[in-house]
Amino acid sequence: MTTFEALPNEIFVECLEYLTTWEIFHGFNQLNTRFQTLIQSIPLHLNFQKIPKEKFLQICHILRSNPNLKSSIHTLQLLNRNLYKQIDFFLSWFSFDEFSQLKRIALIDIDQNSDLRIKSLTPFKCKSFNSCQSLVDQLPTITHLTLTECFFNDLCLILNDAIQLKYLNLGSISKSNQTTNSLILKSNLQLKRIIMKNFECNFDDLEFVLSQTPNIDSLTIISKTNSQLINAPRWQYLIQNSLTKLVKSQFSFSMRSRLFILENFQQFQTTFWLDEHQWQTDYGYNGSYSIIHTIPFVSNEYVFEARPIRYQLNKTNKFQQTEKLDLTFESPNAIRWRDYFDNIKSLTLRFIYKNQNESIVDKFILDLSSIMNLSNVEHLNIFTDTNDEYIPMICFEIFKRSSRLSSINFNSIDLNCLFEHKPLCNYFNEMIVNLESQNYYSFETFSQVELFCRIFSNIEQFKYKLTNREYFVYLLNELTHLSIVDLWVDDFETFLSWFNQEKYQFNRIFHIEKNCRLWIESVFPSM
């Protein structure tokens, strides 16, 4: 009989790829010389975003006690959003320079006084340019930079000082008080790719920046309100004179008007766009909202507001990059689209009407299946203010077609209404591990608690309003897969005092933060 340790290293490495870095450290670190060598030979990715403080400290201790492991860390994500500030804790023990193979850093909610000491040539991600002075000091060493938001004058400062920058990914770019006439911008010859996900400035500002980045070969820009950018002749002039090395151009421009939109669209159908560069565009309008974008659609999220957008062209694979679809329905017959979404992973349905006919459900599902591949859906959001009795039937039909669905979010929907649909409850029990909600779940009777535990026996995370301690104890005992519970309590100190006495009756490890997030570690094996 072949023993586990007799397997070749190649099999072990393949198995380790299915585990998180914490699971690898916890299960195999210092187990024996062979596994220690294997761990140091594979790339590790540390994401502390959903890690309780105690586990975070354990990982840091492992890295300090075994410095060779630092060379295995390839990506690192830290945040200061929790009550314990991961970034500050981490930097009190380590410098990023100690991680010789670090390829990417993501820092969320950086404090202004944080001393980052970023390793030279390291890709870097954070929320705001103004959030940390240390980032400004490190600009000359950064090659890849991602910011959630910045002002236009910040963008100019980045391009002036980040002399090795090759990749720049920006979220919202807001207009600053300074005009381009008062700004000085030097040429940035290293920059190859720019992504602007929400450009709120005017064309003059954009032209001012792009005229100083002549070596860009990939440009992505999205603007939701700026009609100035829908100007094909001006774009052509800018590209021919300043962006001569541009190979890949992706854009999406939208506006709350149809004025001149068709005429502007035709200007993107010339030889320069279609033949010389093979950049295809399409135009759509739904009565109040217009959009022009390159094909395929550049964003990973697409939102239909009440009425579907009718496109000028009937192109296939238009939405092959789109993974999130948000649909709003004003009437039962709202799905009348020609387009198809093949790769949707997150589906949001918003109902602002009440069904009057059960036959509408079958038609709705048939129409929905005609525009998207439901089998790829992993997360489902349902929003309705009507508590429509046909919502459970719609959910059931979606579950039947969505074998990967494991996460749901019901907003303002009475769970008791869903629980009356037994076939739907069977799907909940088999498939759902994450129960999301903007509201906290609560129970009026013990029978409701029992029913909830039977139906959602595999959930790992949910929100709970603690109104009855007996109910809470029962939930912790029955929901053995729980890892995170976001609690609502009237008095945190009183709850904490009680829970610290009661927690020993459970075969589990608990960590609780002052924001009332309860972290739960796996069940101990029974003796």
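Quick note: structure is the one above.
Given the structure is predicted, the values throughout are model-derived calculations rather than measurements.

Engineer: How should the environment of Arg310 be read in this particular structure?
Structural biologist: Assignment of secondary structure puts Arg310 in strand 13 (residues 310-311). Taking relative accessible area as the criterion, Arg310 reaches 41% and is therefore assigned partly exposed. With 28 residues separating them in the primary sequence, Arg310 and Arg338 have C-alpha atoms 8.0 Å apart.

Engineer: I'm lost on empty space enclosed by the protein in this one. Help?
Structural biologist: The gaps left among the atoms become clear once a water-sized probe is rolled over them. The final tally for this structure, using the stated rule, is one cavity of 30 Å³ or more. Taken as a whole, the largest cavity encloses approximately 50 Å³ of empty space. Lining the largest cavity are Leu219, Ile221, Trp235, Ile239, Ser249, Gln250, Phe251 and Trp273. If you list the elements that add at least two residues to the lining of the largest cavity, you get strand 8 (218-223), helix 9 (232-242) and strand 9 (248-255).

Engineer: What's the story with the nonpolar core in this structure? I'm lost.
Structural biologist: Soluble, globular proteins show a tendency: their nonpolar side chains are buried together. The biggest cluster of nonpolar side chains holds 78 residues, and the ones touching the most others in it are Leu347, Phe452 and Phe462. Per-element accounting of this core gives the leading share, six residues, to helix 13 (residues 391-401). Counting residues in hydrophobic clusters, the runner-up holds 49 residues, among them Ile142, Leu165, Ile261 and Trp279.

Engineer: For this particular structure, what's the right way to read the side chain of His511?
Structural biologist: Within the element layout of this structure, His511 appears in strand 21 (residues 510-512). Excluding residues within four positions of it along the chain, His511 makes contact with Pro52, Glu54, Arg517, Leu518, Trp519 and Glu521.

Engineer: Please explain the packing of aromatic side chains as it appears in this structure.
Structural biologist: To describe a pair of aromatic rings, one takes the distance between the centres and the angle between the planes. Here the structure, examined in full by the defined rule, presents 46 aromatic pairs. Consider the rings of Phe48 and Phe56, whose centres lie 4.9 Å apart with planes at 80°: the pair is edge-to-face. Consider the rings of Trp273 and Trp279, whose centres lie 5.8 Å apart with planes at 55°: the pair is tilted. The same class applies to Trp273 and to Trp279, which are both buried. Its end group placed over the ring of Phe383, Arg350 keeps NZ or CZ at 4.7 Å from the ring centre. Residue placement shows Lys463 over the ring face of Tyr440; its charged tip is 5.4 Å from the ring centre.

Engineer: Just to check I follow, could you spell out the pairing of strand 20 (residues 484-488) for this structure?
Structural biologist: Walk down a regular strand and you will see the side chains alternate between the two sheet faces. In terms of burial, strand 20 is a largely internal element, four of the five residues being buried. Across five bridges, the pairing between strand 19 (residues 461-465) and strand 20 is parallel. When the bridges of strand 20 are listed, Tyr464 appears paired with Leu487. Read from strand 19 through helix 17 (residues 469-478) to strand 20, the crossover connection turns out right-handed.

Engineer: Which parts of the structure should I look at to understand the packing of helix 16 (residues 446-455) against helix 17?
Structural biologist: If you want to describe how two helices pack, look at the angle between their axes and the distance between the axes. The contact between helix 16 and helix 17 brings their axes to 10 Å, and the two run at 15°. One element, helix 16, and the other, helix 17, form an angle in the roughly parallel class. The chirality of how helix 16 crosses helix 17 is right-handed. Contacts between helix 16 and helix 17 involve Phe446, Val449, Glu450, Phe452 and Cys453 on the former and, on the latter, Tyr471, Tyr474, Leu475 and Glu478. A per-class count over the contact of helix 16 with helix 17 returns seven nonpolar, no polar and two charged.

Parameters at a glance
- Residues numbered from 1 in each chain as written.
- Predicted model: local features only at pLDDT ≥ 70, side-chain atom pairs only at ≥ 80, totals over all residues.
- Heavy atoms only, no water.
- Helix = DSSP H or I, 4+ residues; strand = E, 2+ residues; numbered from the N terminus.
- Buried < 20%, exposed > 50% of the residue type's maximum accessible area, 1.4 Å probe, protein only.
- 1 Å grid on protein atoms, 1.4 Å probe; cavity = no way out; pocket = protein on both sides within 12 Å on 5 of 7 lines; lining within 4 Å.
- Points joined across faces, edges and corners; volume = space filled by probe spheres on them.
- Core = buried A, V, L, I, M, F, W, Y, C linked by side-chain atoms within 4.5 Å.
- Contact = heavy atoms within 4.5 Å.
- Phe/Tyr/Trp six-rings, centres within 6.5 Å; stacked < 30°, edge-to-face > 60°.
- Lys NZ or Arg CZ within 6 Å of the ring centre and 35° of its normal.
- Pairing = 2+ DSSP bridges.
- Right-handed = clockwise from strand over helix to strand, strands pointing away.
- Axes fitted to C-alpha atoms, helices over the stretch in contact; angles between N-to-C directions.
- Parallel < 35°, antiparallel > 145°, perpendicular 65-115°, else oblique.
- Left-handed = near helix turned anticlockwise from the far one by under 90°.
- Nonpolar A, V, L, I, M, F, W, Y, C, P; charged D, E, K, R; others polar.

Purely geometric numbers; function is a separate question.
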